[in-house]
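Residues per chain are reported as follows:
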Amino acid sequence: MSTAFPPAPMSPHLLDLSTELVIQILAFLSLRDIGACALTCRQLNGVISSSQYLQYLVRTKIAGVHDPFIIGPLTLHDRLTLLERWEHAWHSLDLSEPALQCVVPRDISVGVLRYEMHDGYLVAIRRFPVDDRPMGYSFISLHDSVQNGAASWSNINLPESLSAFSYCFSAEEHNLSALLVFEPDEDPEPHGSLKIMSFLQGTDHPFATTPMIPMRMNEKTMGIFDAYDVQMAVAGDNIIIMVTQARALPDYVLLVNWKLGNVSTVLAAPDLTFAPSFALLNTDILALVNLQSNTLDIHRIVDGNHRSLQLVRQLLLPPLLPSFQPLSASFSLAQTRSSVRPTRPRCLPFYPSPDACFVGLSVVLIHDEGNIATYWLAIRRDYLWAQAHIKCGSDGLLPWNEWGPYASCCMDIDRPLSAPIPAGARWLVHSQSLIVREFGLSRSRRVQADREVAEGPGEPILPGVLEDVFASQLPSCDITSVGDRKYQSVTADHEWVVGMNEERDEFDRKNHRIDIHHVM
């Protein structure tokens, strides 16, 4: 009796598929993998070189951006043209002629020259009393201001009984403002609450079941007088709050579901264990600096019925100088992307890619005799995220020489305030004139790629950059341009650079003058 089975059907070979299917498959690959495919055979090389869609994807990966909504009114040719203009604008950054100059109205300007950028909005936060004005914030849309030739400020005022201690925003994705507030006159001691508002209107957020959420840490009400510093960040439906307390009290990390009003204490640590800052690498991955072990601690946020913070990896920071100890540290990150379709006009269809952006980390060291030293690290964000998903030994400790030289760039700085400012995948060094530094594929190769693309629509752009892609995980830092204008304060993202100066008028009153530069 025969027991033979019919041969199993063979899976189709990649090259047997239609060109359209091959293009869709290749579109899911990284730049490194697309380059490897282009080197395997002439047929795949021809598919990659002749597909305008793949060429655009390659160009965005080289530029450190991604375009989440390619299907839209703009053609691929239009998108390529915008990308080339944007790259050229950063390469030859010119700050001599701002797109718009304005003086901040006196009823809006904050006490110090500090304005922040969130999702294309320039925001002024009033955390301290200025001329008896209520606490709150004001904002302008940079795109609308430049288009209209004037800055029209919107004011969001808190009730006069409330003061603001800290804040975070998610303007585009959730239309969300979260402010840690308290009543100064509360007896016997002010307690902190999280006020959840719509960013644009300043009213209670429609998705928040509890617009005023009392803050509790390990079942204890949060006392404002005990809080030395508070950092906040939005992570999807959650808000991460790190509370650093004074008087040798423990520090806490809280996880707040801003829609449901749930507050969970996910980390409690003795005083001075962690620096009062964190980096949100993803909606569920958090990085802290452990001052006691001189490590970068990567935690996973475990959501659900029993929410917690799980330590998954420790990376040793650079070896300490003799007689020096870590004193403090602070993170700086660029806004990378929006997961929702934009609700207002944008000049650029693409966003900075998380894979191309770096985490900035300033570390302050103190000598036994009181001297201070500061260094700054640019760390690959995708590397840190990957470390959270790698199985490691029982201690999970990775020595500096096994990761630092390959995934970071270290430089000495004078003080934390002189740390580079994130602008997408680029960093602005604000010292006298403005210097733009970039960590990624070398600018010379990108310029060469621009030339190759300009020669014709069918010209491949991969050969000019593959050498950098395969040669090193972290090419050297390039200085790409130097600005001529001098500002006392600067904020930026991948599309805008805003410089600020404090001036005095004929009545010796302080005014804030703002220059808005559109990098296009």
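Described in the following lines is the structure provided in the data block. (Residues numbered from 1 in each chain as written. Predicted model: local features only at pLDDT ≥ 70, side-chain atom pairs only at ≥ 80, totals over all residues. Heavy atoms only, no water.)

### Digging into the nonpolar core
Then comes step 1: Core analysis: the biggest nonpolar cluster contains 38 residues, and Leu-26, Trp-86, Trp-90, Leu-428 and Val-497 have the highest contact counts within it.
Then comes step 2: Put simply, the parts of the chain that give this core at least two residues each are helix H1 (19–26), helix H2 (31–38), helix H3 (42–50), helix H4 (52–63), helix H5 (76–91), strand E27 (421–423), strand E29 (433–439) and strand E31 (489–492).
Then comes step 3: The leading source of residues in this core is H4, at 6 residues.
Then comes step 4: Counting residues in each nonpolar core, the second largest holds 29 residues, with Ala-279, Phe-331, Leu-377 and Trp-403 among its members. (Core = buried A, V, L, I, M, F, W, Y, C linked by side-chain atoms within 4.5 Å. Buried < 20%, exposed > 50% of the residue type's maximum accessible area, 1.4 Å probe, protein only. Helix = DSSP H or I, 4+ residues; strand = E, 2+ residues; numbered from the N terminus.)

### Notes on the pattern of salt bridges
Then comes step 1: Going through the model one piece at a time under the given rule, you end up with 7 salt bridges.
Then comes step 2: Put simply, Lys-259 and Asp-237 hold a salt bridge, and the shortest N to O gap is 3.2 Å. Of this pair, Lys-259 sits in the loop between strand E15 (251–257) and strand E16 (262–269) while Asp-237 sits in the loop between strand E13 (227–235) and strand E14 (238–245), and the two are 22 residues apart along the sequence.
Then comes step 3: Note on Asp-237: relative accessible area 36%, which makes it partly exposed.
Then comes step 4: When the shortest N-O distance is used, the salt bridge between Glu-503 and Arg-513 registers 3.1 Å. Taken together, the residues span a long stretch of sequence, with Glu-503 in strand E32 (residues 496–504) and Arg-513 in strand E33 (residues 510–518) at a distance of 10 residues.
Then comes step 5: Residue classification places Glu-503 among the partly exposed residues on the basis of a relative accessible area of 33%.
Then comes step 6: When its relative accessible area of 30% is taken as the criterion, Arg-513 is described as partly exposed. (Salt bridge = Lys/Arg side-chain N within 4 Å of Asp/Glu carboxyl O.)

### Some thoughts on the sheet that holds strand E5 (residues 136–141)
Then comes step 1: Across the sheet, which stays open at both edges, the 4 strands sit in the order E3-E4-E5-E6 with antiparallel pairing between neighbours. Of all the strands in the sheet, just strand E3 (116–118) and strand E6 (154–157) have a single pairing partner and so form its edges. Adjacent strand axes in the sheet meet at a mean angle of 30 degrees when their direction is disregarded.
Then comes step 2: The pairing of E5 with E6 spans 4 bridges and is classified as antiparallel. The residue of E6 that forms the bridge with Gly-136 is Asn-157. (Pairing = 2+ DSSP bridges. Axes fitted to C-alpha atoms, helices over the stretch in contact; angles between N-to-C directions.)

### With respect to the environment of Glu-116
Then comes step 1: Considering the arrangement of structural elements, one finds Glu-116 in strand E3.
Then comes step 2: Spatially, the C-alpha atoms of Glu-116 and Ala-492 are 8.4 Å apart, while their sequence positions differ by 376 residues.
Then comes step 3: When neighbours within four sequence positions are excluded, Glu-116 is seen to be in contact with Tyr-121, Leu-122, Val-123, Ile-125, Tyr-167 and Thr-491.
Then comes step 4: Within polar-contact distance, the side chain of Glu-116 engages the side chain of His-118 at 3.0 Å.
Then comes step 5: Of note is the side chain of Glu-116, whose polar atom sits 2.6 Å from the side chain of Tyr-167. (Contact = heavy atoms within 4.5 Å. Polar contact = N/O pair within 3.5 Å; in protein donor to acceptor, adjacent residues only side chain to side chain.)

### Side note on H1
Then comes step 1: Val-22, Ile-23 and Leu-26 are the residues of H1 that are buried. The arc that holds the buried residues of H1, viewed along the axis, is 100 degrees, so those residues lie on one side.
Then comes step 2: At its buried positions, H1 is contacted by H2, H3 and H4. (Arc of directions from axis to C-beta.)

### Things to note about the packing of aromatic side chains
Then comes step 1: Under the definition given, this model contains 13 aromatic pairs.
Then comes step 2: Judged by centre distance (5.2 Å) and plane angle (65 degrees), the rings of Tyr-137 and Phe-169 are edge-to-face. You can see Tyr-137 sitting in strand E5 and its partner Phe-169 sitting in strand E7 (residues 163–170), a full 32 residues away along the chain. For the pair shown, Tyr-137 and Phe-169 are each scored as buried.
Then comes step 3: Ring geometry for Tyr-137 and Phe-199: centres 5.6 Å apart, planes at 20 degrees, overall stacked. Here Tyr-137, found in strand E5, pairs with Phe-199, found in the loop between strand E9 (193–198) and strand E10 (212–214); they are 62 residues apart in sequence, far enough to count as distant.
Then comes step 4: An aromatic cluster is present here, built from Tyr-121, Tyr-137, Phe-139, Tyr-167, Phe-169 and Phe-199 joined pairwise through their rings.
Then comes step 5: A cation over a ring is seen here: Arg-426 above Trp-86, with NZ or CZ 5.0 Å from the ring centre. (Phe/Tyr/Trp six-rings, centres within 6.5 Å; stacked < 30°, edge-to-face > 60°. Lys NZ or Arg CZ within 6 Å of the ring centre and 35° of its normal.)

### A short note on the sheet that holds E33
Then comes step 1: The sheet built from 4 strands is open, its strands ordered E2-E33-E32-E31 with antiparallel pairing. At either end of the open sheet lies a strand with only one pairing partner, and these are strand E2 (100–103) and E31. Mean inter-strand twist for the sheet, computed between neighbouring axes without regard to direction, equals 20 degrees.
Then comes step 2: Looking at chain direction, E32 and E33 are connected through 9 bridges and run antiparallel. Across the sheet, Glu-502 pairs through a bridge with His-512, a residue of E33.

### Some points on the pairing of E5
Then comes step 1: Across the 6 residues that make up E5, a large majority, 6, are buried.
Then comes step 2: A two-sided burial pattern is seen for E5, the buried positions comprising Gly-136, Ser-138 and Ile-140 on one face and Tyr-137, Phe-139 and Ser-141 on the other.
Then comes step 3: Note: strand E4 (residues 121–126) against E5, 6 bridges, orientation antiparallel. Looking at the pairing, Leu-122 lines up with Ile-140 of E5.

### Observations concerning unusual backbone geometry
Then comes step 1: Phi at Glu-219 is positive, roughly 70 degrees, even though this residue is not glycine.
Then comes step 2: Within the secondary structure layout, Glu-219 lies in the loop between strand E11 (216–217) and strand E12 (220–221).
Then comes step 3: Exposure remark for Glu-219: the relative accessible area of 66% places this residue in the exposed category.

Nothing here speaks to function; it is all geometry.
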